[in-house]
There are 2 protein chains.
Amino acid sequence: MNHAYIVIMAGGIGSRFWPASTAATPKQFLDIAGQGKSLLRMTYERFLPLVPAERILVLTHADYADRVQQELPELPTPNILSEPSRNNTAPSVALAALHLQAIDPKATMLIAPSDHVIEKESAFHALVKDGLEFVRDEQAILTLGMRPSRPDTGYGYIQYNNNNDRLAGNSLMFKVRQFTEKPDLERAKSFIAAGDYLWNAGIFLFSVTTILTAFQEEAPTIYAQLTQDPDIFGTEAEADYIRRVYPDTPNISIDYAIMEKADYIYTLPAQIGWSDLGTWGSVYERSEKDESAVVVQHEGRHLVEDTKRSLLRFPKEKTVLIKGLEDFIVVDTPDALLIYPKSEEQQIKADRQRLLSDENDQ
Amino acid sequence: MNHAYIVIMAGGIGSRFWPASTAATPKQFLDIAGQGKSLLRMTYERFLPLVPAERILVLTHADYADRVQQELPELPTPNILSEPSRNNTAPSVALAALHLQAIDPKATMLIAPSDHVIEKESAFHALVKDGLEFVRDEQAILTLGMRPSRPDTGYGYIQYNNNNDRLAGNSLMFKVRQFTEKPDLERAKSFIAAGDYLWNAGIFLFSVTTILTAFQEEAPTIYAQLTQDPDIFGTEAEADYIRRVYPDTPNISIDYAIMEKADYIYTLPAQIGWSDLGTWGSVYERSEKDESAVVVQHEGRHLVEDTKRSLLRFPKEKTVLIKGLEDFIVVDTPDALLIYPKSEEQQIKADRQRLLSDENDQ
């Protein structure tokens, strides 16, 4: 594990948690899980038992670099890699790999989103250790595949080859047959019935050698754009160079650029209580509830009566008196207030757009 | 009408409109009616067709004097009479009468709360004119009595003598038989059935001579306390003097001190669309509603869907998205949020006390 690095991707601008999340303070910087710390901080701490802070990097948009440092004051400042533009995940991964290669040519890396939660940390740690060992020894791109619990149409699916597995540590890695982007419900149901499909959680493991070879072969434009001056990585001039060359990389996801093309893609099936906390409803489902199945995310003074199966979130300074709500989401911020039926939360995004469009100015 | 003065009482600390009203900004300074102006301002403007600003006075607690001036910038500053302590309405009225007597010994005055609403202003103006004429010519203390529309147990009732009336202008003034404080429901029903009971709205008319004679006879302690230096009223030293002597007056209402004792009490029955806006429910009832019977008090951006029979009030700066509420009161302020079933609003006060007690600190 001495050459293992963790790269946390924290550049997203997730708009699904309005009004709590905003462009200025997106989801990863919020205590969405009600744990007293941000999702980014939770993600960072989840990896600390595996590698020291010196080998954890955070990839983020330049606008958020200060905020990342604020959330993770003990993270060495050079470990925050700033992207000058939002070009999706493929250029991000290439940037991180080129940076790590310069620091440690033997580096293996795990790259993961900053705004998911994992309940079973020790199971996760065991899988990650086996996975890092596997990608150290093999030319393999490994993705953690989550055992699906329902035919969710919001995720990408990974079909794996049950007959083509490799043992590393205590874990079996399976060759990936294909990736399928968000399927319709019928298809999702058939995936669950088939049994050889996993959810793509966006957690990838590889050595820098393997991934940079993959970029050279499968995404040569990105590779060429970022390696105009290959010797600049790891030097003081790297940040300036990135500011100059990064914006012109193609906007494409790592899934499309590499995963769906390369031949040496493996998946490690995981049952680790993973959730991407994609909606208020999933936050509600994952949170500890009181005897009325109510989740209150509030450090301030409140009285909640005759209220059931609801998620209630308020700024710390606010005094709150609530009575008689059932199956609601209430999210209050200094700028906005949302009171919405929990079962209809998919419509919040559209309503918010109606609300914020100029036509609806009141 | 040249000697007619209006005295608006604006010292209350009404706590029933929490979280909108606070000790710092009580009800009379808020736009509770959703009219774009405070109740005090509405009350002031209601009297302007009757008397010029120079003959409108506002009695308030010293803490609110600046706020009154802010709401009524055109009111001459000397017309704001500050009470250094809260000693209930009898000392207030005596203070106003002594002040006016010094300015105009022939003064008649109408004294009224600052936080009520009256829908039928011209009917009100006609009654006030007749009433002021009556109290100018007679030794009479006149109260406007509101024709009751329901057996409300929240008001005081005035029983009048149907056979003892006096004509002034176009109005009949009736001798009062008795005042009854808030009755129970049985009694309130019998009052309505009897037909000779009116609601006491706290609007009184009299000449300064009549009311000061009444104080001398019925409340001599108050009178003596305030007239230790009778020549000081109307001089620049009045305010200092009041600060010194007023706090030691007995704490008693004008109803108990004078109305229930004096012999020359009359009432003028009124049907003027009066409401004391005593609760959020009464504000809801009196407000214009949309097709879903929803009242939205908000100048800012909002989208309210599938919501019925509710009162919704938010700070101007706030963006609001609400769906699926029925029969609710929602009041948001920068400090507090109330979401409460409309039918249970009587319990808000008790809940608020539980919430704000130290035992409930979270």
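Please refer to the structure higher up on the page.
Before going into details, it helps to say that this report is about the structure given with it.

The rules behind the values
Residues numbered from 1 in each chain as written. Chains lettered and ligands numbered in written order. Predicted model: local features only at pLDDT ≥ 70, side-chain atom pairs only at ≥ 80, totals over all residues. Heavy atoms only, no water. Buried < 20%, exposed > 50% of the residue type's maximum accessible area, 1.4 Å probe, protein only. Helix = DSSP H or I, 4+ residues; strand = E, 2+ residues; numbered from the N terminus. Arc of directions from axis to C-beta. Contact = heavy atoms within 4.5 Å. Pairing = 2+ DSSP bridges. Right-handed = clockwise from strand over helix to strand, strands pointing away. Axes fitted to C-alpha atoms, helices over the stretch in contact; angles between N-to-C directions. Parallel < 35°, antiparallel > 145°, perpendicular 65-115°, else oblique. Left-handed = near helix turned anticlockwise from the far one by under 90°. Polar contact = N/O pair within 3.5 Å; in protein donor to acceptor, adjacent residues only side chain to side chain. Salt bridge = Lys/Arg side-chain N within 4 Å of Asp/Glu carboxyl O. Buried area = accessible area lost by both parts, 1.4 Å probe. Least-squares fit on C-alpha atoms with pLDDT ≥ 70 in both.

### Let's talk about helix 11 (residues 348-356) of chain B
Turning to step 1, where the next piece is worked out: Of all the residues in helix 11 of chain B, the buried ones are Ile-348, Asp-351, Arg-352 and Leu-355 of chain B. Viewed along the axis of helix 11 of chain B, the buried residues span an arc of 100°, placing them on a single side of the element.
Turning to step 2, where the next piece is worked out: Summarising the contacts, the buried residues of helix 11 of chain B are in contact with strand 13 (302-305) and strand 15 (319-323) of chain A together with helix 10 (280-286) and strand 17 (336-341) of chain B.

### Description of the pairing of strand 2 (residues 56-61) of chain A
Residue and element names in this part refer to chain A.
Turning to step 1, where the next piece is worked out: The buried count for strand 2 comes to six of six residues, which makes it a mostly enclosed element.
Turning to step 2, where the next piece is worked out: Of the two faces of strand 2, both are covered, the one formed by Ile-56, Val-58 and Thr-60 as well as the one formed by Leu-57, Leu-59 and His-61.
Turning to step 3, where the next piece is worked out: Where strand 1 (residues 4-9) and strand 2 come together, four bridges link them in parallel fashion. Each residue of the ladder has a partner; that of Met-9, found in strand 2, is Leu-59.
Turning to step 4, where the next piece is worked out: Handedness of the crossover is the feature at issue here: the chain leaves strand 1, passes through helix 1 (residues 39-47), returns alongside strand 2, and the resulting connection is right-handed.
Turning to step 5, where the next piece is worked out: Alignment of strand 2 against strand 3 (residues 80-83), held across four bridges, turns out to be parallel.

### Examining the packing of helix 3 (residues 89-103) of chain A against helix 6 (residues 208-218) of chain A
All names here are of chain A.
Turning to step 1, where the next piece is worked out: One can describe the packing of helix 3 onto helix 6 by two numbers: an axis separation of 10 Å at closest approach and a directional angle of 135°. As the angle between them shows, helix 3 and helix 6 are arranged oblique. Where helix 3 crosses over helix 6, the handedness of that crossing is left-handed. For the pair helix 3 and helix 6, the contacting residues are Ala-90, Val-93, Ala-94, Ala-97, Leu-98, Leu-100 and Gln-101 in the first and Val-208, Ile-211, Leu-212 and Phe-215 in the second.

### What about the side chain of Asp-332 of chain A?
Turning to step 1, where the next piece is worked out: Within the element layout of this structure, Asp-332 of chain A appears in strand 16 (residues 328-332).
Turning to step 2, where the next piece is worked out: Within the structure, Asp-332 of chain A has its side chain in polar contact with the side chain of Lys-318 of chain A (distance 2.8 Å).
Turning to step 3, where the next piece is worked out: Those residues in contact with Asp-332 of chain A, other than ones at most four positions away along the chain, are Arg-313, Phe-314, Pro-315, Lys-318 and Leu-337 of chain A together with Lys-318, Asp-332 and Leu-337 of chain B.

### Focus: the environment of Lys-182 of chain B
Residues and elements named next belong to chain B.
Turning to step 1, where the next piece is worked out: Structurally, Lys-182 is set in the loop between strand 8 (171-180) and helix 5 (185-194).
Turning to step 2, where the next piece is worked out: Exposure remark for Lys-182: the relative accessible area of 58% places this residue in the exposed category.
Turning to step 3, where the next piece is worked out: Residue contacts for Lys-182: discarding those within four places in its chain leaves Thr-153, Gly-154, Tyr-155 and Gly-156.

### Remarks on the sheet that holds strand 16 (residues 328-332) of chain B
Working definition: the strands of a sheet are paired by backbone hydrogen bonds and lie parallel or antiparallel to each other.
Turning to step 1, where the next piece is worked out: The mixed open sheet is built from six strands, whose spatial order is 13(A)-15(A)-17(B)-16(B)-14(B)-12(B). Of all the strands in the sheet, just strand 13 of chain A together with strand 12 (295-297) of chain B have a single pairing partner and so form its edges. Averaged over all adjacent pairs, the angle separating strand axes in this sheet is 5°, with direction ignored.
Turning to step 2, where the next piece is worked out: The sheet contact formed by strand 14 (residues 311-313) of chain B and strand 16 of chain B spans three bridges and is parallel. Within strand 16 of chain B, the residue paired with Leu-311 of chain B across the bridge is Ile-329 of chain B.
Turning to step 3, where the next piece is worked out: Strands in contact with helix 11 of chain B are strand 13 and strand 15 of chain A together with strand 17 of chain B; relative to strand 15 of chain A, the strand with the most contacts, it is inclined by about 135°.

### Describing unusual backbone geometry
Turning to step 1, where the next piece is worked out: With an omega of 5°, the peptide bond between Trp-18 of chain A and Pro-19 of chain A qualifies as cis.
Turning to step 2, where the next piece is worked out: Within the secondary structure, Pro-19 of chain A sits in the loop between strand 1 and helix 1.
Turning to step 3, where the next piece is worked out: Even without a glycine there, the phi angle at Ala-293 of chain B is positive, about 60°.
Turning to step 4, where the next piece is worked out: Here Ala-293 of chain B is to be found in the loop between helix 10 and strand 12.
Turning to step 5, where the next piece is worked out: Residue classification places Ala-293 of chain B among the partly exposed positions, given a relative accessible area of 22%.
Turning to step 6, where the next piece is worked out: You will see that Asp-327 of chain B, though not glycine, has its phi angle at about 60°, which is positive.
Turning to step 7, where the next piece is worked out: Position of Asp-327 of chain B relative to the elements: it lies in the loop between strand 15 (319-323) and strand 16.

### Digging into helix 6 of chain A
Turning to step 1, where the next piece is worked out: Those residues of helix 6 of chain A that sit buried are Val-208, Thr-210, Ile-211, Leu-212, Ala-214 and Phe-215 of chain A.
Turning to step 2, where the next piece is worked out: Structurally, helix 6 of chain A contributes buried residues whose contacts are with helix 3, strand 4 (108-113), strand 6 (141-146), strand 9 (197-207), helix 7 (220-226) and helix 9 (254-259) of chain A.

### Focus: the pattern of salt bridges
Working definition: two side chains of opposite charge can pair if their charged atoms are close together.
Turning to step 1, where the next piece is worked out: Per the counting criterion, the structure on display carries 38 salt bridges over all chains.
Turning to step 2, where the next piece is worked out: Between Asp-152 of chain A and Arg-150 of chain A there is a salt bridge, with its nearest N and O atoms 3.0 Å apart.
Turning to step 3, where the next piece is worked out: In this structure Arg-150 of chain A comes out as partly exposed when scored by relative accessible area, which is 39%.
Turning to step 4, where the next piece is worked out: With its nearest N and O atoms 2.9 Å apart, the salt bridge here joins Arg-354 of chain B to Glu-305 of chain A.

### What about the interface of chain B and chain A?
How large an interface is tends to be reported as the accessible area lost when its parts come together.
Turning to step 1, where the next piece is worked out: Of the residues lining the interface, 41 residues belong to chain B; the matching set on chain A comes to 41 residues.
Turning to step 2, where the next piece is worked out: Summing the contributions of chain B and of chain A, the shared interface buries around 3300 Å²; its carbon and sulfur component is 57%.
Turning to step 3, where the next piece is worked out: Per-residue buried area on chain B facing chain A is highest for Arg-301, Leu-321 and Lys-323 of chain B; these three make up 22% of the total on that side.
Turning to step 4, where the next piece is worked out: In this assembly, chain B and chain A are joined by six salt bridges.

### Observations regarding the relation of the copies chain B and chain A
Turning to step 1, where the next piece is worked out: The transform that puts chain B on chain A rotates by 180° and translates by 0.0 Å along the axis, for an RMSD of 0.0 Å. Such values leave the two copies arranged in the relation of a two-fold axis. In terms of C-alpha distance to the rotation axis, chain B has Pro-334 of chain B as its closest residue, with the C-alpha 3.5 Å off the axis.
Turning to step 2, where the next piece is worked out: A shared interface surface links the copies, since 100% of the contact residues of chain B are contact residues in chain A too.

Geometric descriptors of this kind do not, in isolation, establish any biological role.
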